[in-house]
Amino acid sequence: MILPEDYINELRLVLGSDTEKYLQSFEKEPFRGISVNLLKTTPEKLLPLLGFETERTPFYSCGYYIPPETESIGNSPLHHAGGFYVQEPSASSAAELLGIENGDYVLDLCAAPGGKSAQIASLLGGSGLIWSNEPIRNRARILLSTHERMGIANGVVSSCYPDELCPRVEGCFDKVLVDAPCSGEGMFRKNNDAITEWSREHVISCAARQLSILQTAAAALREGGILVYSTCTFSPEENEMTVKKFLESCPEFESMEINEPFGRKTELSNAVRVTPAEGGEGHFAARFRKKGNAVRRPLPTGKVQTLTAEMKKLTEDFLDDIFRVRPETVTEIMKDSIFLRPKGLEGLKAPGILRCGIYAGDIVKRRIEPAHSLFTTAEPSSLRRVLELGIEDIRTAMFLRGEEISCDLDKGYTAVAIEGMITGFGKCSGGRLKNKYPKGLRNTC
């Protein structure tokens, strides 16, 4: 492995005598991990089903190391079901520093592919709001898929640049995470492309962009709220120097001491760094508090179109056929698509919104075709018809391949749960289930 000389010289400023130990780590396998999704399961239920050994990481209470040689984990039925998110272990440290509390409104400003948003949603436990933003539209689509698979009902997904979004949601969030685009030095051990793309010029441009994003993010946070800045790079220019410039340019923020039981201390008391010596590939995080104390402002909303009596009955009958207990949401219709909005977010007005709440289905010739996310975001106990499958049931693999399977439940749209976790749905009739699992998610083997 040939590393750029400029990079090694900069690394010595950060790691000092530990630099050689870091360079030797390239002879070992990179760390791999998962984060258990508390919206769907618990570690006690999930881990025994995985089929391999796990070990708790120091970064997150529901984060676990998995063996480096683990193969095809994305094809696991438990992954399809949203039971866990595959995540580099130290990446979970940033969301942990937010100190998520019940009912928080949290903005994940640079969120794709969605691991940190999924972790935040898991910690919120269905309360509050997780708003996940990603400027690049293709990556935002992946983020949207993550929300669906992980069962996030109290979420917003948007795709716009921070300077478009943050002024429109000024003071609306209790917590903001800026996991900024960076030079990716913490990815070097597992991604050779990251090494070839590295340059001093790239580091400098990343640092300038990171500072700009941080300064923009400041507006979205209420007084008294917490802002966490993180990167997956070792560069002091992108980390410590960016933090110092941010505090100088935004005097309304103050440092928050970090005394977490992970990582290594930096010259800044409000920051922590993780290297392979601390059990992660590479991460940096700093924590700030916005001075003062204020109630968060309501998110900007507009007028909501009133449903006609006919449409109200159509949607209510549709939901009553699927749910024993309907979600506590507000129904909105946009271009023949039905959405279940979290209360208080009806008519949400902000740039780049791809999804607010639950996409429930589409109106087709005076009937409603349900959407995948209507089921994946539901509690199994709230649904009228749930086909329960075990991980070893032959129908589980068949369902994930998109095949029709046997089903002895009553006729109608039916959720499919794998080990108690809603994974998708189908339509049951005559002892068979017509598969509705999305083609883009299916296993091909």
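Note that this is a predicted model, so its numbers are computed, not measured.

**Student:** Honestly, the environment of Ala118 in this entry has me stumped. Any pointers?
**Tutor:** Of note, Ala118 is situated in helix α6 (residues 115–124). Assessed through its relative accessible area of 4%, Ala118 is described here as buried. With 28 residues separating them along the chain, Ala118 and Thr146 place their C-alpha atoms 7.4 Å apart. The contact partners of Ala118, leaving out residues within four places of it in the chain, are Thr146, Met150 and Ile152.

**Student:** Which parts of the structure should I look at to understand the sheet that holds strand β4 (residues 84–86)?
**Tutor:** Remark on secondary structure: sheet strands pair via backbone hydrogen bonds, oriented parallel or antiparallel. Here we have four strands laid out as an open sheet, ordered β2-β3-β1-β4, and antiparallel in their pairing. Of all the strands in the sheet, the pair left with one neighbour each is β2 (55–56) and β4. Bridge analysis of β2 against strand β3 (residues 63–66) gives two bridges, and the strand direction is antiparallel. Looking at the pairing, Arg56 lines up with Tyr64 of β3.

**Student:** What is the right way to read the pattern of salt bridges from this model?
**Tutor:** Pairing between side chains of opposite charge can happen when their charged atoms approach one another. Under the definition given, this model contains 26 salt bridges. When the shortest N-O distance is used, the salt bridge between Asp321 and Arg385 registers 3.1 Å. Residue Asp321 is located in helix α12 (residues 309–322), and its partner Arg385 is located in the loop between α13 (372–376) and β19 (386–389); the two are separated by 64 residues in the primary sequence. Look at Asp321 and you get partly exposed, because its relative accessible area is 36%.

**Student:** It is not clear to me how the side chain of Arg264 should be interpreted in this structure. Could you clarify?
**Tutor:** Relative to the helices and strands, Arg264 resides in strand β11 (residues 264–265). Note on Arg264: relative accessible area 18%, which makes it buried. Only 2.9 Å separates the side chain of Arg264 from the side chain of Glu278, close enough to count as a polar contact. Apart from residues lying up to four places away in sequence, Arg264 is in contact with Leu15, Asp18, Val272, Arg273, Thr275, Ala277 and Glu278.

**Student:** Is there a simple way to think about the sheet that holds strand β23 (residues 432–435) in this case?
**Tutor:** Within the open sheet, the five strands sit side by side as β19-β21-β22-β23-β20. Their pairing is mixed. The strands lining the two open edges of the sheet, one partner per strand, are β19 and β20 (405–406). Here β20 runs beside β23; their pairing, made up of two bridges, is antiparallel. Residue Ser406 lies in a different strand from β23, and its bridge partner there is Arg432.

**Student:** Mind showing me how you'd approach the environment of Cys356 here?
**Tutor:** By the secondary structure assignment, Cys356 is in strand β16 (residues 353–356). Along the primary structure Cys356 and Ser158 are separated by 198 residues, whereas in three dimensions their C-alpha atoms are 8.6 Å apart. If near-sequence neighbours (up to four positions away) are discounted, Cys356 is found in contact with Gly155, Val156, Leu340, Arg341, Pro342, Leu345 and Leu348.

**Student:** It is not clear to me how helix α10 (residues 200–217) should be interpreted in this structure. Could you clarify?
**Tutor:** Counting along an α-helix, one turn takes 3.6 residues, and residues three or four places apart therefore face a common direction. Helix length check: α10, at 18 residues, gives a terminal C-alpha distance of 26 Å against a target of 26 Å (1.5 Å per residue), a fit within 8%. Of all the residues in α10, the buried ones are Val203, Cys206, Ala207, Gln210, Leu211, Ile213, Leu214, Thr216 and Ala217. Buried positions along α10 lie against α8 (162–165), β8 (173–179), β9 (221–231) and α11 (240–249).

**Student:** Any chance you could explain the packing of aromatic side chains here in plain terms?
**Tutor:** The geometry of an aromatic ring pair comes down to the distance between the two centres and the angle between the two planes. What the rule picks out here adds up to 13 aromatic pairs. With centroids separated by 5.3 Å and ring planes inclined at 80°, the aromatic side chains of Tyr22 and Phe234 adopt a geometry described as edge-to-face. Of this pair, Tyr22 sits in helix α2 (residues 19–24) while Phe234 is found in the loop between β9 and α11, placing the two residues 212 residues apart along the sequence. The residues Tyr22 and Phe234 share a single accessibility class, namely buried. A ring pair is formed by Tyr413 and Phe425, whose centres lie 6.1 Å apart and whose planes are at 65°; its orientation type is edge-to-face. Linking Tyr413 in strand β21 (residues 412–418) with Phe425 in strand β22 (residues 421–429), this pair joins segments that are 12 residues apart in sequence.

**Student:** For this particular structure, what's the right way to read α11?
**Tutor:** Where α11 is concerned, the buried positions are Glu240, Thr242, Val243 and Phe246. Across the axial projection of α11, the buried residues extend over an arc of 165°, all falling on one side.

**Student:** I keep staring at the side chain of Gln210 and nothing clicks. Help me out?
**Tutor:** You can see Gln210 is positioned in helix α10. When its relative accessible area of 0% is taken as the criterion, Gln210 is described as buried. Excluding its chain neighbours within four sequence positions, the residues that come into contact with Gln210 are Ala180, Pro181, Cys182, Tyr229, Thr231, Glu238 and Thr242.

**Student:** Can you walk me through unusual backbone geometry in this structure?
**Tutor:** That bond from Ala112 to Pro113 is cis: its omega, 5°, falls within 30 degrees of zero. Its place among the elements puts Pro113 in the loop between β5 (105–108) and α6. Located in the positive-phi region is Ser72, a residue other than glycine, with phi close to 50°. Relative to the helices and strands, Ser72 resides in the loop between β3 and α4 (77–80).

**Student:** What is the right way to look at the pairing of β9 in this model?
**Tutor:** Sheet faces and side chains relate simply in a regular strand, where the side chains alternate between the two faces. For β9, the tally of buried residues reaches 10 of 11 residues, placing the bulk of the element in the interior. In the sheet, β8 pairs with β9 via six bridges, with the strands oriented parallel. Bridging from a neighbouring strand, Lys175 pairs with Ile226 of β9.

Basis of the calculations
- Residues numbered from 1 in each chain as written.
- Predicted model: local features only at pLDDT ≥ 70, side-chain atom pairs only at ≥ 80, totals over all residues.
- Heavy atoms only, no water.
- Helix = DSSP H or I, 4+ residues; strand = E, 2+ residues; numbered from the N terminus.
- Buried < 20%, exposed > 50% of the residue type's maximum accessible area, 1.4 Å probe, protein only.
- Contact = heavy atoms within 4.5 Å.
- Pairing = 2+ DSSP bridges.
- Salt bridge = Lys/Arg side-chain N within 4 Å of Asp/Glu carboxyl O.
- Polar contact = N/O pair within 3.5 Å; in protein donor to acceptor, adjacent residues only side chain to side chain.
- Expected span 1.5 Å × (residues − 1).
- Phe/Tyr/Trp six-rings, centres within 6.5 Å; stacked < 30°, edge-to-face > 60°.
- Arc of directions from axis to C-beta.

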